[in-house]
Amino acid sequence: MVAVELIVRDLAFGLMLGCVFSVVAHGLNIIWGVVKVVNIAHGEFIMLGAYGAYFLNLFAGITPLESAPVNAVIGLLVGYAFYYAFLHRELRNKQTITLQSEMVTLAATFGLSLFISNLAIILFTGNPVGVNYNPGTLQFGYLHVPLAALYVAIVSILIIAGTWLFLEKTFIGSTIRAYSQDVTATELVGANPATVASLATALGFAVTMAGGALLTVWVPVGINPLMGALYAPISFVIVVLGGPGKMWGSLVGGLTLGVLIDLVQAFATAQIAYAAAFLILIPVLVFRPGGILK
Amino acid sequence: MSAGYGGTQVVWDVSMQCKDGTISVIVGPNGAGKTTTLKTVNGLLKPWSGGIYFGGNNITDFPAFRRVEGGLASCPEGRRLFPQLSTETNLMLGAYSRRARHAAGATLDFVYGLFPKLKERAKLNVGKLSGGEQQMVSIGRALMTRPKMIILDEPSLGLAPKLTAEIFEKLVELRKEGLSMLIVEQNAFQALRVADYAYVLQEGKVINEGPPAELMDSEELRKAYFSIE
């Protein structure tokens, strides 16, 4: 009986954790899927999003849920600047990204990752901080669900659904999907490829930094300059699990990973849980190299 | 105009002119530089020397998307549609520029009037359409940009002769609307039938040009082109 309760509890927590993982990975997925660039500094922008929520809470007294939209607006601007600073030179006038450009963007964003995390150590110190946000708990029988985690899970799903609606139902969203399929053809319908790619990058950053704010609910005392080193690989795994460029893939991958980590953690240790999270990549890549989603 | 890729020159001092409201065609064997010539016109390739003029303006340094905004549309080699988007979305994307978007509804009706089959396929992903239907989408998408001129690269490629004839009929219809076209074709007979003026390209050079009736009789054309087929 106790074992069943434990599993139900970890399943519920795993699903909620998975939702926020999904959003954090979703930003990477959009950029990877549309612009075909893997942003190695992805984790650092999650970290900056988390610090954003921390400082907004400290100075403006607002909750991580309210910080998420503020972060998203900042993310739009940061993503736009990031595109022109790091990607534009490599992507312009190219019909598909070349191996050389791929290497250049990997190296450049890797350098950016080191730069931001070290700058963060200087600015924020290495001491971990946290956001105090506790709107109470909800009780289902023996199950105590913290409302903060539940709210964050709901907002996470709304964010993913929102980006999906934007990409499916708006004209500019269609243009972004067109770009992800054929850059040259997109230019031949009269769209400036740089405009489309910079918009997609901005959208990806907005989601990433909003996700960083939401994540703070799960790291009550753990916001630190090096946290990106954990969440970047988690995001990579989620995107590969779900399939790069598949917008619901982020949710599928995130939920899979969240549940897996929580369940393994219940029966073993946290370290083994994170190891398992990466091990699951092997069977998925062997049997479904395009991701879990069809 | 001369052009090429990397260190390989493909087109040597080619000079061509397309008059308003006419169909000009470029015929010639494989590897003659036909597609290369078109790419310098739609902006996907920068010419090595010489220039491209459109409506009296020098557009040589314009990126491809700016040429589309200016009224120069393309049906590129291999059609280059968006296979995972619906027929209607593919068409609507043609109306990207502000000028075209204002009139998008009316243009879409015009395209559906021209190709009624596309209306039946509106919600279907383009990847699921037949070759002929895809060619219609490609022409329709170009029309959605509200062009003054359309550049077509091998519109008959992969199509049955009957379908090809149908497509060329539509192009003649479009000429009546005042549209100019520059068409590259392997299928020389079909193209020469509708053309007002033709260029014969061989090994990157224009070896003959003139109204198609004159070219059909020319010994050079037969030798250069038809004997190879």
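Residues numbered from 1 in each chain as written. Chains lettered and ligands numbered in written order. Predicted model: local features only at pLDDT ≥ 70, side-chain atom pairs only at ≥ 80, totals over all residues.

### A few points about the overall build of chain A
Tallying secondary structure elements over chain A gives twelve helices and two strands in all. Across chain A, helices and strands are ordered from the amino to the carboxyl terminus as α-α-α-α-β-β-α-α-α-α-α-α-α-α. In summary, chain A has a C-alpha radius of gyration of 19 Å against a globular reference of 19 Å for 294 residues, a match within 12%. On the principal axes, the C-alpha backbone points of chain A span a range of 60 × 45 × 35 Å. Relative to all contacts within chain A whose residues are 6 or more apart in sequence, the contacts with residues 24 or more apart total 77%. (Helix = DSSP H or I, 4+ residues; strand = E, 2+ residues; numbered from the N terminus. Rg over C-alpha atoms; globule rule 2.2 N^0.38 Å. Contact = placed C-beta atoms within 7 Å.)

### Remarks on the interface of chain B and chain A
In this assembly, 22 residues from chain B lie in contact with 14 residues from chain A. Elements represented by at least two residues in the side of chain B that touches chain A include exactly helix 2 (64-69) and helix 3 (87-93) of chain B. Take the side of chain B that touches chain A: its biggest share by element is four residues, from helix 2 of chain B.

### Focus on the sheet that holds strand 10 (residues 205-210) of chain B
Residue and element names in this part refer to chain B. Taken together, six strands build an open sheet; the order of strands is 6-7-8-3-9-10 and the sheet is mixed. Looking along the sheet, the strands with just one partner apiece sit at the ends: strand 6 (72-75) and strand 10. Put simply, the sheet's adjacent strands are angled 15 degrees from each other on average, direction ignored. Where strand 9 (residues 197-202) and strand 10 come together, five bridges link them in antiparallel fashion. Paired with Tyr199 across the two strands is Glu209, which belongs to strand 10. Packing against the sheet, helix 7 (residues 131-144) makes contact with strand 6 and strand 7 (149-153), and its axis sits at approximately 170 degrees to strand 6. (Pairing = 2+ DSSP bridges. Axes fitted to C-alpha atoms, helices over the stretch in contact; angles between N-to-C directions.)

### Structural notes on the domain arrangement of chain B
Residues and elements named next belong to chain B. Entries for chain B in the domain assignment read domain 1 (1-71 + 148-159 + 178-229) and domain 2 (81-146). Distance from the C-alpha centre of domain 1 to the C-alpha centre of domain 2: 25 Å. Contact with domain 1, which involves six residues of that partner, is made by seven residues of domain 2. Looking at the side of domain 1 that touches domain 2, its residues break down into four nonpolar, one polar and one charged. (Domains from an automatic or database assignment. Nonpolar A, V, L, I, M, F, W, Y, C, P; charged D, E, K, R; others polar.)

### Quick look at the packing of helix 9 (residues 228-242) of chain A against helix 10 (residues 249-267) of chain A
Residue and element names in this part refer to chain A. Two elements in contact, helix 9 and helix 10, have axes whose closest approach is 7 Å; the angle formed by their N-to-C orientations is 120 degrees. In this view, helix 9 runs oblique relative to helix 10, as classed from their interaxial angle. Of the two possible hands of crossing, helix 9 and helix 10 adopt the one that is right-handed. The residues of helix 10 that touch helix 9, namely those facing Ile234, Val237, Ile238, Val239, Leu241 and Gly242, are Gly249, Ser250, Val252, Gly253, Gly254, Thr256 and Leu257. The class makeup of the residues in the contact of helix 9 with helix 10 is seven nonpolar, six polar and no charged. (Parallel < 35°, antiparallel > 145°, perpendicular 65-115°, else oblique. Left-handed = near helix turned anticlockwise from the far one by under 90°.)

### Description of unusual backbone geometry
All names here are of chain B. Of note in this structure, Asp13 is not a glycine but carries a positive phi near 45 degrees. With respect to the helices and strands, Asp13 occurs in the loop between strand 2 (8-11) and strand 3 (23-27). Of note, the phi angle at Glu203 is positive, near 45 degrees, even though the residue is not glycine. Tracing the backbone shows Glu203 in the loop between strand 9 and strand 10.

### Observations concerning the environment of Pro212 of chain B
Residue and element names in this part refer to chain B. Relative to the helices and strands, Pro212 is located in helix 10 (residues 212-217). C-alpha separation for the pair Pro212 and Val194, spaced 18 residues apart in sequence, amounts to 8.7 Å. Every residue in contact with Pro212, bar those within four places of it in the chain, is listed here: Leu192, Ala195 and Ala198.

### Section: the packing of helix 3 (residues 64-91) of chain A against helix 4 (residues 99-124) of chain A
All names here are of chain A. Here helix 3 crosses helix 4 at 170 degrees, and the two axes come no closer than 10 Å. Here helix 3 is positioned roughly antiparallel relative to helix 4, judged by the angle of their axes. Every residue of helix 4 that contacts helix 3 at Phe86, Leu87, Glu90 and Leu91 is listed here: Ser101, Val104, Thr105, Ala108, Thr109 and Leu112. Of the residues that constitute the contact of helix 3 with helix 4, the class distribution is six nonpolar, three polar and one charged.

### Considerations on the environment of Ile139 of chain B
Residue and element names in this part refer to chain B. Within the secondary structure, Ile139 is located in helix 7. We classify Ile139 as buried; it has 24 C-beta atoms within 10 Å. Here the alpha-carbon distance between Ile139 and Phe115, two residues 24 residues apart in the chain, equals 9.8 Å. (Buried ≥ 20, exposed ≤ 12 C-beta atoms within 10 Å, placed from the backbone.)

### Remarks on the nonpolar core
In terms of nonpolar packing, the biggest core is built from 145 residues, with Val20, Ala50, Ala200, Ala210 and Leu214 of chain A together with Ile150 of chain B touching the most fellow members. Sort the elements by how many residues they give to this core and helix 1 (residues 2-35) of chain A lands first, with 15 residues. Two domains each donate at least three residues to this core, and these are domain 1 (1-71 + 148-159 + 178-229) and domain 2 (81-146) of chain B. Excluding residues within four positions of it along the chain, Val20 of chain A makes contact with Val152, Ala153, Ser156, Gly211, Leu214, Leu215 and Trp218 of chain A. (Core = buried A, V, L, I, M, F, W, Y, C linked by C-beta atoms within 7 Å.)

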